[in-house]
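Architecture at a glance
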Amino acid sequence: MTQQLVRETTLVGAIILGLGSILGTGAYVSVGLSAELVGPNLVFAIVIAAVTALLNGLSSAQLAAVHPVSGGTYEYGYKFLNPTAGLTAGTLFVLAKSASAATAALAVAWYLHGYISSFMNTPAWAINAIAAALLLVFTAFVLSGVRRTNWLNAILVTISVAGLVAFIVAAYGQPSPPQIFTEASLQHYDNGLFFAAALMFVAFTGYGRIATMGEEVMNPRHTIPKAIVLTLALISLLYIAVGLAILHVSGTASFAQSNFNIANLVENSPWHSVVLVGGIVAMCGVILNLVLGVSRVVLAMGRRGDLPQRLATLDSEQKSAPAATWATFAVMAAIALLGGVETAWTFSAFTVLIYYGLTNLAALKIPQAQRFVPKWVSILGLIACFGLAVFIPWQTIALGIVLVLCVIVFKRITNNARAANI
């Protein structure tokens, strides 16, 4: 008889886990990036992203209930679509989350660089070097057995929320600068609405961790969808509050100069240090979580032969996967060294939107008798994902497509080589 985990996670526990998986880079980076693009329409971008996330979260919950395995859409693609779809989803997941981890590392590096620059001159490339060094440190932590336990998760959530609340308080404690609206600026902000929504969507991802808890949650058929809806509702309210605080403190004319770093907007406030620490701690938690999570998907893809099989090797105690973890670090470090915060986050946005587009496609294949989420939810989720993806800059779209095709071609070549040796 197959052993199963004890169903002891309650609705509140699932929500806390969801908050811990979502809060971090999105809260401290994406809202600021989106504000630069969309200006006074920031709240609309947040709402569009939240609705898209809700649709995808419900599709994920439906898939997890019918096919409760680890691996997310990588496994759902193989099960409900075809091997190429599964391979594509796995590749997109690795690329998307690697870019998210690189963004978190770059953002922390920006925070640290700003502090270091206050008492000594440092070159701009130091930001990329610091980011790569941070990724190396957290890779070492993962290889040494460090994990995000439930108690650590609760601490990180508390610190992250405290930093955001401190920012909101600090922002409203400052006088609002004059709002300068011109016809040209309003047109610019209108054109950036859906691009900003695409960037904001990444700030909501992490709800998939709730969807994969079918074996641990009490009454999962009812608890998981409810936990996803409530978690996204709480996150939406928090992001909207942060967005309104950004609008209050920065002024329309200064969006381009405000930088993604929300701590910069309240640097003269006594709450500045709380915001800074909250952001750094939250994003370090994101890095640790993503190095661990992405390395396990790389391990699974190596076992299936979608990536080189040597990536599936474990250490002598079978407690870590060094090859997969170092490969994960290499991808994340390459993104951190070659790009900036906005570039890495934009790449993450495109890849994660296509990934969840495949999630909705897989959900549509579930027989009606097994469904508890209406099919129209997955249809709207599919339209929303692909609809937002087209607003990503074409260079990012092209890069994502090329990288996925490279993995597919590698898979075909290795399959043909195996067939020839038989």
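Residues numbered from 1 in each chain as written. Predicted model: local features only at pLDDT ≥ 70, side-chain atom pairs only at ≥ 80, totals over all residues. Heavy atoms only, no water.

So, on to the overall build of the protein. Helices and strands together make up the secondary structure of the protein, namely 17 helices and 0 strands. The buried share among the 422 residues of the protein stands at 55%. About 18200 Å² of surface is accessible on the protein, with carbon and sulfur atoms providing 67% of the total. (Helix = DSSP H or I, 4+ residues; strand = E, 2+ residues; numbered from the N terminus. Buried < 20%, exposed > 50% of the residue type's maximum accessible area, 1.4 Å probe, protein only. Areas by Shrake-Rupley, 256 points an atom, 1.4 Å probe, with all protein chains shown as cover.)

Turning next to the environment of A49. Its location among the elements puts A49 in helix α3 (residues 42-66). The exposure class assigned to A49 is buried, which follows from its relative accessible area of 0%. Separated by 187 residues in the primary sequence, A49 and S236 have C-alpha atoms spaced 9.1 Å apart. Setting aside anything within four residues of it in sequence, one finds A49 in contact with A197, M200, F201 and F204. (Contact = heavy atoms within 4.5 Å.)

All right, on to the packing of aromatic side chains then. This model, assessed by the stated rule, comprises 8 aromatic pairs. For the ring pair F204 and Y239, a centre distance of 5.0 Å and an interplane angle of 75 degrees mean the geometry is edge-to-face. Of this pair, F204 sits in the loop between α9 (193-202) and α10 (208-211) while Y239 sits in helix α11 (residues 220-250), and the two are 35 residues apart along the sequence. Arranged with centres 5.8 Å apart and planes meeting at 85 degrees, the rings of W326 and F329 form a pair that is edge-to-face. One end of the pair is W326 and the other is F329, both in helix α14 (residues 322-338) and 3 residues apart, which spans about a single turn. Over the aromatic face of Y78 sits the side chain of R304, whose NZ or CZ is 3.8 Å from the ring centroid. (Phe/Tyr/Trp six-rings, centres within 6.5 Å; stacked < 30°, edge-to-face > 60°. Lys NZ or Arg CZ within 6 Å of the ring centre and 35° of its normal.)

Most of α9 is tucked away: 9 of the 10 residues are buried. Within α9, the full set of buried residues consists of L193, F195, A196, A197, A198, L199, M200, F201 and V202.

This part takes up the packing of helix α4 (residues 73-81) against helix α13 (residues 272-304). Two numbers describe how α4 lies on α13: the axes approach to 11 Å, and their chain directions differ by 35 degrees. Of the residues in α13, those touching α4 at Y74, E75 and Y78 are A300, M301 and R304. For the contact of α4 with α13, the residue count by class is 4 nonpolar, no polar and 2 charged. (Axes fitted to C-alpha atoms, helices over the stretch in contact; angles between N-to-C directions. Nonpolar A, V, L, I, M, F, W, Y, C, P; charged D, E, K, R; others polar.)

From the geometry alone we can't say anything about function, so treat these as descriptive.
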